[in-house]
Amino acid sequence: MGVVTPGFRGRRRDPSEKLPPGQYLVHDFPVLSAGPTPYVDTDDWTFTVTTETGQRHTWSWRDLMALPQESPTVDLHCVTKWSKLGTSWRGVSLDALLEDVESAADFVLARSYGGYTTNLPLEDLLDGQAWVVHEYDGEPLAPAHGGPARLLVPHLYLWKSAKWVTGLDLLTDDEPGFWEQLGYHEYGDPWREQRYAGD
């Protein structure tokens, strides 16, 4: 995977901003990655949902663009303690992608180009809570921020919003991802400061 990008030290937060505990506000968009940035051409990009029975549902870039598009505006909270408010995205709801997928799974392992993984409860991807996004602030999503497409799950710490996403494995049992195996919290709720195992 390579060397992990260094984190950031905390700063005083503006008491007028509604931030999760321990977070400070940023106006730029810091880039942190667990390894080199993969560059994936949209002609080669695919997104595959694999059920617990092995059934595969795959979308090409063209397929993704043909699905109903949404434009969520959300706050982001990184485990390294920065928060960025009111970010604007465009992409496809996980509700749309999973609409015709039959599964009895309770968990998901998100997979990325480059080998990164992260685990989530399936219910945290449904009911308008998560998207596969391909635009940020009106522009195609830059590779440094996970382009051509990333998972966006803004109610959890940002490591759960897998950059360069290539698919989801639907699982009946939880399976820790990359950071979770290295001691990060299994769930990652910023409002409960669930940064590390035991928090």
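Above this text sits the structure in question.
Residues numbered from 1 in each chain as written. Predicted model: local features only at pLDDT ≥ 70, side-chain atom pairs only at ≥ 80, totals over all residues. Heavy atoms only, no water.

Caption draft 1: Molecular detail of the pattern of salt bridges. By the definition in use, this model includes three salt bridges. Of the charged contacts in the structure, one is a salt bridge between aspartate 169 and arginine 111, with a shortest N-O distance of 2.6 Å. Pair noted here: aspartate 169 is in strand E11 (residues 165-171) and arginine 111 is in strand E6 (residues 107-112), with a separation of 58 residues, a long-range link. A relative accessible area of 17% places aspartate 169 in the buried class. As a salt-bridge pair, lysine 160 and glutamate 180 come within 2.7 Å of each other at their nearest N and O atoms. (Salt bridge = Lys/Arg side-chain N within 4 Å of Asp/Glu carboxyl O. Helix = DSSP H or I, 4+ residues; strand = E, 2+ residues; numbered from the N terminus. Buried < 20%, exposed > 50% of the residue type's maximum accessible area, 1.4 Å probe, protein only.)

Caption draft 2: Representation of the side chain of threonine 50 in the model. Residue position: threonine 50 is located in strand E2 (residues 46-50). Ignoring any residue separated from it by four or fewer positions in sequence, one finds threonine 50 in contact with Gln55, Arg56, Leu168, Asp169 and Leu170. (Contact = heavy atoms within 4.5 Å.)

Caption draft 3: Inspection of the packing of aromatic side chains at higher detail. Applying the stated rule across the entire model yields 13 aromatic pairs. Ring geometry for tryptophan 45 and phenylalanine 47: centres 6.3 Å apart, planes at 15°, overall stacked. Overall, the relative accessible area of 1% leaves tryptophan 45 in the buried class. Overall, phenylalanine 47 belongs to the buried group, its relative accessible area being 0%. The interplanar angle of 90° and the centroid separation of 5.4 Å between the aromatic rings of tyrosine 184 and tyrosine 196 together place this pair among those described as edge-to-face. Taken together, the residues tyrosine 184 in the segment after helix H3 (178-181) and tyrosine 196 in the segment after H3 connect sequence positions twelve residues apart. Classification of tyrosine 184 by relative accessible area gives buried; the value is 15%. (Phe/Tyr/Trp six-rings, centres within 6.5 Å; stacked < 30°, edge-to-face > 60°.)

Caption draft 4: Structural context of the pairing of strand E4 (residues 73-77). Sheet topology note: the E4/strand E5 (residues 82-93) ladder contains four bridges and is antiparallel. From the neighbouring strand, threonine 73 faces E5, where its bridge partner is serine 88. Linking E4 back to E5 in an antiparallel pair, the connection comprises four residues, with lysine 81 at a positive phi of about 90°. (Pairing = 2+ DSSP bridges.)

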